Amino acid sequence: MGSLRLRLYVFLLLALSIIGGCGDNDTSTVPTTATDPTATTPADTDATATPSTPPPAEQIIVLRHDGLGVVTFGQPADTVIEVLSGLFGPPDFEEIQISPDVDRSVQWEEPFLYLQFTSWDHFSGSGPDPVPQGPIFHYYLTTSARYATDAGISQGSTVAQLKAAYPGVVFHQACGGPAQEFLVEPVGGWPRLPLFGLLDGDAENPETRIVHIGAGWDRNPC
């Protein structure tokens, strides 16, 4: 009996050691993963991404002393019209007068933008060297508030806003008539030209507003 008890005792010890070893192996194979609540998966990033929206074409245009930002005074007519047609489509109006003034003019109706091109021979003062051939861009005008200068002045801006943006602005009667115009002279020479516009009232009234705004050399201002 003693030897039988001894054998049973040894057998129980061996069985317990085997069971204990299996338990250790099972727990060692259980993976543990630390979760970062702030982590973002690629799927989450794609789901929340917002595609960029290009600005409207008229916001790309800037009413400047030297042109419209995307085109500059002195550039050939065909080049300027091609660039702007890429933004607004073909002009709504175009006129070509070969003589006596070699004029070419185009306009877009909405938002309204008028451009004029003329041979360099009709201008005076310092200019590019060599002198460009053919009609060149020299004048623009708009009656739309959807275009603005780099200082934020547009059709509809008040005289108070105009004076704050351009302290050197001057006012005068438009071609001797009752209407008043403003004029902002550029700093520097060609291709920077005067910025001007028509007012809807007296320049002494800070609430008087701009009717139209443009820049360039107007060969026939009256």
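Residues numbered from 1 in each chain as written. Predicted model: local features only at pLDDT ≥ 70, side-chain atom pairs only at ≥ 80, totals over all residues. Heavy atoms only, no water.

Visitor: Whenever I open this one, helix H4 (residues 77-88) confuses me. Can you help?
Guide: Helical geometry note: an α-helix holds 3.6 residues per turn, so side chains three or four residues apart project in the same direction. In this model, H4 (twelve residues) spans 16 Å end to end at C-alpha, consistent with the 16 Å of a helix rising 1.5 Å per residue. Among all positions of H4, only Ala77, Val80, Ile81 and Leu84 are buried. Summarising the axial view, the buried residues of H4 lie within an arc of 95°, below the 170-degree limit, and thus occupy one face. Residues of H4 that are exposed and angled more than 90 degrees away from the buried face: Asp78, Glu82 and Gly86. Looking at the buried residues of H4, the elements they touch are strand S2 (93-97), strand S3 (103-109), strand S4 (112-118) and strand S5 (136-142). (Helix = DSSP H or I, 4+ residues; strand = E, 2+ residues; numbered from the N terminus. Expected span 1.5 Å × (residues − 1). Buried < 20%, exposed > 50% of the residue type's maximum accessible area, 1.4 Å probe, protein only. Arc of directions from axis to C-beta. Contact = heavy atoms within 4.5 Å.)

Visitor: Help me out: how do you make sense of the nonpolar core in this one?
Guide: Inside soluble globular proteins, nonpolar side chains tend to come together where they are buried. Ranked by internal contacts, the top residues of the largest apolar core, which has 31 residues, are Leu68, Leu84, Leu115, Phe117, Phe137, Tyr140 and Phe182. The set of elements that each furnish at least two residues to this core consists of H4, S3, S4, S5, helix H5 (159-165), strand S8 (180-184), strand S9 (195-199) and strand S10 (210-216). If one sorts the elements of this core by residue count, H4 sits on top with four residues. Residues in contact with Phe182, not counting those within four places in the same chain, are Leu162, Val169, Val170, Phe171, Leu195, Phe196, Gly197, Leu198, Leu199, Ile210, His212 and Ile213. Listed in part, the five residues of the second largest apolar core include Tyr114, Tyr139, Leu141 and Phe196. (Core = buried A, V, L, I, M, F, W, Y, C linked by side-chain atoms within 4.5 Å.)

Visitor: Sorry if this is basic, but what is going on with a nonpolar patch on the surface here?
Guide: Among the surface-exposed residues, Ile60, Val70 and Val83 lie close enough to one another that they form a single nonpolar patch of about 180 Å² accessible area. If you trace the backbone, Val83 turns up in helix H4. (Patch = residues over 30% accessible without salt bridge, like charges linked within 9 Å, V, L, I, M, F, W, Y side chains within 5 Å. Areas by Shrake-Rupley, 256 points an atom, 1.4 Å probe, with all protein chains shown as cover. Salt bridge = Lys/Arg side-chain N within 4 Å of Asp/Glu carboxyl O.)

Visitor: What's the story with the packing of aromatic side chains in this structure? I'm lost.
Guide: Each aromatic ring pair is specified by the distance between its two centres and by the angle formed by the two planes. Summed over all chains, the structure comprises ten aromatic pairs. Between the aromatic rings of Tyr139 and Phe196, the centroid separation amounts to 5.8 Å while the plane-to-plane angle is 25°, which identifies the pairing as stacked. A residue pair is termed long-range when its members are at least 10 positions apart, and Tyr139 in strand S5 and Phe196 in strand S9 qualify at 57 residues. Owing to a relative accessible area of 14%, Phe196 belongs among the buried residues under this scheme. (Phe/Tyr/Trp six-rings, centres within 6.5 Å; stacked < 30°, edge-to-face > 60°.)

Visitor: Would you explain the sheet that holds strand S7 (residues 170-173) in this entry?
Guide: Sheet strands pair via backbone hydrogen bonds, and the direction of the pair is either parallel or antiparallel. Taken in spatial order, the eight strands line up as S2-S3-S4-S5-S10-S9-S8-S7 in an open sheet, and their pairing is antiparallel. Each edge of the open sheet is held by one strand with a lone partner, namely S2 and S7. Direction aside, the axes of adjacent strands within the sheet are offset by 20° on average. As judged from the four bridges shared by S7 and S8, these two strands associate in the antiparallel manner. Considered in S8, the bridge of Val170 is made with Leu183. Together, S2, S3, S4 and S5 form the strand contacts of H4, whose direction differs from that of S3 by roughly 5°. (Pairing = 2+ DSSP bridges. Axes fitted to C-alpha atoms, helices over the stretch in contact; angles between N-to-C directions.)

Visitor: Would you explain the pairing of S10 in this entry?
Guide: The two faces of a sheet get side chains in turn, since along a regular strand they alternate between them. With respect to burial, S10 is a largely interior element, six of its seven residues being buried. When S5 meets S10, the two strands line up antiparallel, connected through four bridges. When the sheet's bridge partners are listed, Leu141 is paired in S10 with Gly214. With five bridges joining them, S9 and S10 adopt antiparallel strand pairing.

Visitor: I'm lost on the environment of Asp92 in this one. Help?
Guide: Its place among the elements puts Asp92 in the loop between H4 and S2. The spacing of Asp92 and Phe112 is 20 residues in sequence and 9.9 Å in space, taken between C-alpha atoms. Aside from chain neighbours lying at most four places away, what touches Asp92 is Gln107, Trp108, Glu109 and Glu110. One polar contact links the side chain of Asp92 to the main-chain amide nitrogen of Glu109, over a distance of 2.7 Å. (Polar contact = N/O pair within 3.5 Å; in protein donor to acceptor, adjacent residues only side chain to side chain.)

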